[in-house]
Amino acid sequence: MFLELRNIQVQYGSVEALKGISLQIDRGKSVCLLGANGAGKSTALRAVSGLVPLKAGEIYFDEERIDGLPPHHVVRRGIIQVPEERRLFPEMTVLENLEMGAYLEKEQHKLKESLEEVLSIFPPLRNKLKQEAGTLSGGEQQMAAIGRALMSRPRLLLMDEPTLGLSPILCEAVMESVVKIKQRGTSLLLSEQNAELALEVSDEGYIMRLGEIVLHGTSRELVSDERVRKAYLGM
C-alpha cells in the first residue's frame with residue numbers, strides 16, 4: 001500500500017476533528033475525500049503532510065511510518081500539498097512562485113525539465129511567467145499553485161479543494177489537469193466538495209461527515225449509490 005492511514009485521530013482543543021479514520025491509496029491511483037465543510041477533509045490532508053499532530057493512529061507512506069515527522073521531512077519523501085486558497089506569493093512573479101516549488105532541486109537542467117512539464121500541463125502560464133502572481137485570475141492562480149507543487153516532482157500529490165471559488169468552466173480545466181497529472185504516474189489524494197467532478201477523475205472515494213468516514217467505494221460504485229446521488233450529486 002502506497003499511503004495508509006490507520007485509525008488516525010486529530011483534536012483541536014476539545015474538538016475531535018478526526019475520529020479514527022482509515023484509508024488507503026495504491027501506487028499510481030487517485031482517491032477523493034468528499035463531504036461538506038467541517039467534515040475533516042482538510043485536516044486529513046494536513047495530518048498526512050505533518051502539519052497537525054495525531055492524537056492517535058498511524059500513517060504509513062511506501063511502507064515507512066511518517067506520522068510525527070516534521071513537514072519538511074515529509075516533503076523530502078515526495079509528499080507535496082496544494083493548499084486550499086492557493087497561498088501564492090502575490091508580489092513574486094509566476095516563475096518565482098514555480099521555482100519555490102523546486103527549492104530542493106540543485107541541478108539546473110532538472111529544474112528546466114520540471115518547468116517545461118508544468119507549462120505543458122498549464123499552457124496559459126507560459127505567457128504569464130514574468131507577471132506578479134497576485135495579478136492572475138483565480139483560475140490562473142490555481143494553475144500556478146498546482147504547478148508549484150509539481151515542480152518538486154511529487155510521488156504523492158495532496159490537493160485541498162482545488163476548484164474552490166472557480167467558475168464551472170475553470171473547474172473542468174483544473175480537473176483535466178488532475179487527469180494529466182495522474183497519467184504521469186503521480187498518486188493523488190484529493191479533498192473536494194464538487195463530488196461529481198472529483199469522482200470523474202478518481203479511482204475511489206471516501207465520504208466524510210463530522211470527522212468520520214461514512215462510506216467508501218470505487219468511483220463507479222459511489223456514483224451508482226442512491227444515497228450519494230441524492231446527497232452529493234443532486235440526482
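Check the entry above for the structure.
Residue indices begin from 1 for each chain and proceed along its sequence in written order. Per-residue local features of the predicted model are confined to residues with pLDDT of at least 70, and side-chain atom pairs are confined, for both listing and counting, to 80 or more; whole-chain, interface and lining totals are unaffected and use all residues. Values shown for side chains rest on all heavy atoms present in the structure; no hydrogens or waters enter the calculation.

Participant: Please provide a residue-by-residue account of helix H6 (residues 168-183), values included.
Facilitator: With 16 residues, H6 extends 23 Å between its outermost C-alpha atoms, agreeing within 8% with the 22 Å of an ideal straight helix rising 1.5 Å per residue. For each residue, the accessible area found with a 1.4 Å probe, counting protein chains only, is set against the maximum for its type, and the residue is called buried under 20%, exposed over 50%, and partly exposed in between. Only runs of H or I of at least four residues qualify as helices and only runs of E of at least two qualify as strands under DSSP, and these elements are numbered from the N terminus. Residues of H6 that are buried include every one of Cys-171, Val-174, Met-175, Ser-177, Val-178 and Ile-181, and no others. Take H6 and look down its axis: the buried residues cluster within an arc of 150 degrees, on one side only. In H6, the exposed positions angled more than 90 degrees off the buried face are occupied by Pro-168, Ile-169 and Gln-183. Following H6 by one or two positions, Gly-185 adopts a phi angle in the positive range, close to 100 degrees. To estimate how far a helix should extend, the number of its residues minus one is multiplied by 1.5 Å. The directions from the helix axis to the C-beta atoms form the arc being described.

Participant: Lay out the pattern of salt bridges in plain terms, naming residues and giving numbers.
Facilitator: We define a salt bridge as a side-chain nitrogen of Lys or Arg found within 4 Å of a carboxyl oxygen belonging to Asp or Glu. Summed over the entire model, instances satisfying the criterion amount to 15 salt bridges. Note that Glu-58 is salt-bridged to Arg-65, the shortest N-O span being 3.4 Å. For Asp-225, the salt bridge identified is with Arg-227, shortest N-O distance 2.8 Å. Look at Arg-227 and you get exposed, because its relative accessible area is 56%. Salt bridges sharing partners connect three or more residues here, namely Glu-4, Arg-6, Glu-58, Arg-65 and Asp-67.

Participant: A description of the packing of aromatic side chains should follow, citing residues and the corresponding values.
Facilitator: Each pair of aromatic rings taken from Phe, Tyr and Trp, with Trp reduced to its six-membered ring, is defined by centres within 6.5 Å and is described as stacked if the planes are under 30 degrees apart, edge-to-face if over 60, and tilted in the remaining cases. This model, assessed by the stated rule, comprises 1 aromatic pair. Between Phe-2 and Phe-61, the ring centres sit 4.7 Å apart and the planes meet at 55 degrees, which makes this aromatic pair tilted. Of this pair, Phe-2 sits in the segment before strand S1 (3-12) while Phe-61 sits in strand S4 (residues 56-61); the two residues are 59 residues apart in sequence, bridging distant segments of the chain. A relative accessible area of 3% places Phe-2 in the buried class. With relative accessibility at 2%, the residue Phe-61 sits in the buried group.

Participant: So what's going on with the sheet that holds strand S5 (residues 64-65)? Residues and values would help.
Facilitator: Hydrogen bonds between backbone atoms are what pair the strands of a sheet, whose relative direction is either parallel or antiparallel. By the convention used here, strands pair only if DSSP detects at least 2 bridges between them. As summarised here, the arrangement of the 4 strands in space is S2-S1-S4-S5, forming an open sheet in which the pairing is antiparallel. Each end of this open sheet is capped by a strand with a single partner; those strands are strand S2 (15-25) and S5. With 8 bridges connecting them, S1 and S2 associate as antiparallel partners. Note that in S2 the partner of Val-10 across the bridge is Leu-18. Sheet strands in contact with helix H1 (residues 41-49) are S1, S2 and S4, and its direction is about 110 degrees off that of S1. We call two residues in contact whenever any of their non-hydrogen atoms come within 4.5 Å of each other. Angles here are taken between N-to-C directions and fall from 0 to 180 degrees, while the axes themselves are lines fitted to C-alpha atoms, restricted in helices to the stretch in contact.

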